[in-house]
Amino acid sequence: MIKLAPSILSADFARLLEDVKKVESAGCEYLHIDVMDGHFVPNITLGPGLVKSLRKDVNMVFDAHLMIENPDNYIKDFVDAGCDLIVVHQEACKHLHRTIQNIKSYNVKAGVALNPATPIETIKHVIEDVDMVLIMTVNPGFGGQSFIEGMIPKIEELKKLIDDRNLNIDIQVDGGIKPTNVDKVVKAGANIIVAGSAIFNSDDIVKTVNLFRENASL
């Protein structure tokens with residue numbers, strides 16, 4: 001069974017809590033919190049203060065995707081704001097293992113994200129220390145991009161690595177995922193699906209969420 005993680009990047013920030021409560025009511029398990037600094041990616045989004053304001057009214061798993069430089073400087077802030085899972089980019093960490101250990105020292109889950117051009121090889125020596133790997137299926141920085149088909153073999157490669165080592169690690173995918181292609185990434189091995197505009201911009205969120213689940217099980 002997949003878990004859905006609507007991306008806050010596509011929510012209406014003027015009605016943010018209202019939008020988040022809609023996806024929570026629709027049964028989505030995770031809230032994917034896109035944190036961008038304008039340096040690692042060409043966009044700026046939100047900080048821990050906004051996360052903290054949502055936390056008191058939302059019971060979903062808070063999944064902080066730190067698309068930022070020097071993520072170690074902000075891990076504690078996002079944990080204190082109420083995040084349950086902190087995901088950092090392999091490309092942004094000089095000492096990835098140390099950063100993973102930093103995250104886990106706060107008793108939250110740790111994840112590592114890989115950009116489309118970053119090979120699985122770069123994390124094979126630390127994968128046993130993480131709870132989740134996020135495969136970017138678009139280049140990070142903006143919502144509404146088209147899914148990169150070439151990421152399917154990459155998801156399959158990651159799934160094989162996890163299975164060969166008999167590990168219990170989630171595979172999350174983020175970027176251009178819709179009801180019409182969710183089956184591809186699930187068949188490849190993904191089990192946590194990030195979807196932004198496909199969910200938040202739909203006319204009927206409950207119907208769209210149910211369609212994701214139906215198509216994922218085909």
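What counts, and at which threshold
Residues numbered from 1 in each chain as written. Predicted model: local features only at pLDDT ≥ 70, side-chain atom pairs only at ≥ 80, totals over all residues. Heavy atoms only, no water. UniProt positions renumbered as here; feature names shortened; annotations may be inferred. Helix = DSSP H or I, 4+ residues; strand = E, 2+ residues; numbered from the N terminus. Buried < 20%, exposed > 50% of the residue type's maximum accessible area, 1.4 Å probe, protein only.

- The name given to the chain in an unreviewed UniProt entry is Ribulose-phosphate 3-epimerase, and the organism recorded there is Romboutsia hominis.
- Reading the Function (unreviewed entry) entry of the UniProt record for the chain gives the comment "Catalyzes the reversible epimerization of D-ribulose 5-phosphate to D-xylulose 5-phosphate."
- Under the UniProt heading Pathway (unreviewed entry), the note attached to the chain is "Carbohydrate degradation."

## Some words on unusual backbone geometry
Argument step 1. Although it is not a glycine, asparagine 70 adopts a positive phi angle of roughly 50°.
Argument step 2. With respect to the secondary-structure elements, asparagine 70 resides in the loop between β3 (61-67) and α3 (75-81).
Argument step 3. Judged by relative accessible area, which is 47%, asparagine 70 ranks as partly exposed.
Argument step 4. In this model, asparagine 166 sits at a positive phi of 55°, which is unusual for a non-glycine residue.
Argument step 5. Relative to the elements of secondary structure, asparagine 166 occurs in the loop between α5 (152-164) and β7 (170-174).
Argument step 6. A residue is classified by how much of its surface remains accessible, and asparagine 166, at 72% relative accessible area, is exposed.

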